[in-house]
Amino acid sequence: MGTHIVQLERATKAFALPEGGTITALHGIDLDVERNEFLTLLGPSGCGKTTLLHAISGFVQLDAGKVRIDGDDVSDRPPHRRPVNTVFQNYALFPHMNVGNNVGYALDIAGTERKERNQRVGAALELVGLAGLENRLPRQLSGGQQQRVALARAIIARPKLLLLDEPLSALDRNLRQAMQIELKTLQAELGISFIFVTHDQEEALTMSDRLAVLNKGVIQQIDTSRTVYDRPTNAFVASFIGASNLFEGTAARSGGNTLIATADGLRIEAACSGGWKPGDGAAATALIRPEQFSLVGPGAKGPTIGIDIEQVVFTGLNFQIHGHTPSGRRIVAIIAAVRQADVASAEADGKARLGYDPAAVHLLPDDGTAAAEMAA
Amino acid sequence: MGSLRNVGVVGLFGYTILFFTFIYLPIVLIVAYSFNSDPINMMNWSGFTFDWYRQIFGLKNTVSENALYIESTEQLLNALRNSLTVAAFTTTIATVLGTATALGLYRFNFLGKKFYRVLLFAPMLMPDIVLGIALLIFFVGADVSLGLKTIIIGQCSFLISYVFIVVSARLAGMDRSLENASADLGADEWTTFRRIILPQAMPGVIGGALLAFIISMDDLVITYFISGVDTQTLPIFIFGMLRRGIKPEINAIATLMLLFSFAVASLGLYFRSRRG
Ligand SMILES: Nc1ncnc2c1ncn2[C@@H]1O[C@H](COP(=O)(O)OP(=O)(O)OP(=O)(O)O)[C@@H](O)[C@H]1O
Ligand SMILES: [Mg+2]
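- Going by an unreviewed UniProt entry, chain B carries the name ABC transporter permease and comes from Ollibium composti.
- Listed in UniProt under the heading Sequence similarities (unreviewed entry), the comment for chain B reads: "Belongs to the binding-protein-dependent transport system permease family. CysTW subfamily."
- The Subcellular location (unreviewed entry) comment attached to chain B in UniProt states, word for word, "Cell membrane".

- An unreviewed UniProt entry annotates chain A as ABC transporter ATP-binding protein of Ollibium composti.
- In its Sequence similarities (unreviewed entry) section, UniProt records this for chain A: "Belongs to the ABC transporter superfamily."

**Some details on the nonpolar core**
- Counting 43 residues, the largest nonpolar core has A:Phe94, A:Val103, A:Leu151, A:Leu162, A:Leu164, A:Leu183 and A:Phe194 as its most contacted members.
- For this core, the elements supplying multiple residues, two or more each, are helix H2 (99-110), helix H3 (114-127), helix H4 (143-155), strand E7 (161-165), helix H5 (173-190) and strand E8 (193-198) of chain A together with helix H7 (177-184) of chain B.
- Among the elements that make up this core, the one with the highest residue count is H4(A) (six residues).
- Residues contacting A:Leu151, with those up to four places away along its chain left out, are A:Val87, A:Val128, A:Leu162, A:Leu164, A:Met179, A:Leu183 and A:Leu186.
- Core analysis: the second largest hydrophobic core is formed by 28 residues, A:Phe319, A:Ala346, A:Tyr356 and A:Leu363 among them.

**Remarks on the UniProt feature "domain: ABC transporter" (unreviewed entry) in chain A**
- Cross-referencing UniProt, the feature "domain: ABC transporter" (unreviewed entry) maps to residues 6-241 of chain A in the present numbering.
- Its end C-alpha atoms 25 Å apart, residues 6-241 of chain A is made of 36% helix and 28% strand.

**Considerations on the sheet that holds strand E4 (residues 64-69) of chain A**
Residues and elements named next belong to chain A.
- Judged by pairing direction, the sheet is antiparallel, and its four strands sit side by side in the order E2-E1-E4-E5 without closing on themselves. Across the chains shown, the open sheet's two edge strands, defined by having one partner strand only, are strand E2 (22-34) and strand E5 (72-73).
- Direction of pairing for E4 relative to E5: antiparallel, over a ladder of two bridges. Its bridge partner lying in E5, Arg68 is registered against Asp73.
- Here helix H1 (residues 49-57) sits on the sheet in contact with strand E1 (4-16), E2 and E4, set at roughly 60° to E2.

What counts and how
- Residues numbered from 1 in each chain as written.
- Chains lettered and ligands numbered in written order.
- Predicted model: local features only at pLDDT ≥ 70, side-chain atom pairs only at ≥ 80, totals over all residues.
- Heavy atoms only, no water.
- UniProt positions renumbered as here; feature names shortened; annotations may be inferred.
- Core = buried A, V, L, I, M, F, W, Y, C linked by side-chain atoms within 4.5 Å.
- Buried < 20%, exposed > 50% of the residue type's maximum accessible area, 1.4 Å probe, protein only.
- Helix = DSSP H or I, 4+ residues; strand = E, 2+ residues; numbered from the N terminus.
- Contact = heavy atoms within 4.5 Å.
- Pairing = 2+ DSSP bridges.
- Axes fitted to C-alpha atoms, helices over the stretch in contact; angles between N-to-C directions.

Shown next as structure tokens:
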């Protein structure tokens, strides 16, 4: 028995479109999910997240490739014979059954003895903070409570793996944040793997042990949140996770560093410690995260970028400076709240000089995302 | 400007009153006349009486020979018994077949499904008289003697469509992800059908059954063609009475039928509200 709870091997799925032709929702996906892992699938709408979950739960039959759960090849098993449970996006609670029967459904199907069944229903409801609500009907519950019932129903049969398809997207912001923490705690308590789908990048960064970024049916990067954020493997990931300033251009060696010369005359200096290193003359994109900029004076050492300020937003924790270079390239910088005086004077001038550390610049192979963003 | 709007409001109000008067006045009159003691001229109120009700149940025979229409209460009760028998059979058969058809079309895809659906709608759109003649020609051609049996078969041929449509509408509003959720929790297809699909279709099934029952009790045109000479249902019996003039007993029968329909409809609404 391997260490992986789920393994996808070259999973491929294409759907026939009603207007003719096909769309490939999964493009030969390889994915290993560790035991007790909180894995998040993140990607834009239509990238194949739900299809990937359905391939694991069995609602989608793969065209090619294999699904293994806990070492067993389940590719040909119907959904009801896979040891996996799902929290559906719209909850999918049975409207004609009360909360107790909804939660106890899996046990009733399995023929669990009455006393144990009731006791486990009670325990599951208690776990999600709904003790004693057995006799309510789903429609008599708030959105957040329905969400919890769906959760209790999905974990009661002690699945080896829980799949969650955007379970928090219908909740308001406060409730969503509270549920994020609760889910994370619950996952640790149950000691089972969660595969959690979202298209909210902030949610993905807070919750996951590992993060898989999906685009067009392909996993772009899978790693810890920190690594995906700091060292994205391509410009798509960089622009999808967190705000980013991308500079696409041509690489050139300069001393120990690499210079990226952009078409609009900027030269971005990168130290390139670790990560991808472009050859001389290669196309490359430099990534500078907004918080890596600092406000500097005219005589500053090190590389800088001059911008015209369009807007300064105070978020409570920091200042977001939105501006553009003389050539019109948009730049976002985040400056700590303690630098209030500098920000105020820069705002009065309408201009700012942003310094950055070449060691904090991350280089990516150019895949056209940055250019597409510029055009948009 | 303001006065113009006032004119509009008054006009709309007047229209509404007229509209409901138009719909309900005849019904209110029938109920009122059924308690009017004047045996000859219904328009002339000459006092309150239960006589017409007593008479249709054969309890009392106070009125002059001349005013009395119902030859025998037995005949009326016989027609009522026929109607109830037919309705019981047709409702059961149409509900079972219509529901099964709706569930089948909901669950499975097959070649010609759309065409099949159109075929199921057709009997509702067909003029009653055409359906009646067609059935009559069919039964005569097939050498089936006309009677209760042919009424039941004939009515089923269009009542199935009604039940099918009501149940289908209910199923169409059902959330397909519930089936996925059920399978996800370990239920096979049969269990999902029994525990998820059927209970949710139930209000539609009950609604369809009540509709079939009322239509069956009420049907005159088609039934008239296929009932044969000695089998009378309630509508045929009343129609026969009418041909010899409108007599006060008819008002009493109509009022009772109204009450009955109202009770059945209320029952249907009650089930609908209870099962969500
Ligand atoms: N049953 C289907 N028939 C045809 N196309 C489908 C079907 N299911 C999904 N697709 C297509 O496959 C692609 C991936 O769909 P999927 O539902 O996996 O996206 P997703 O990442 O979950 O998107 P979202 O964030 O909007 O839920 C989409 O282009 C979608 O249109
Ligand atoms: Mg989805």
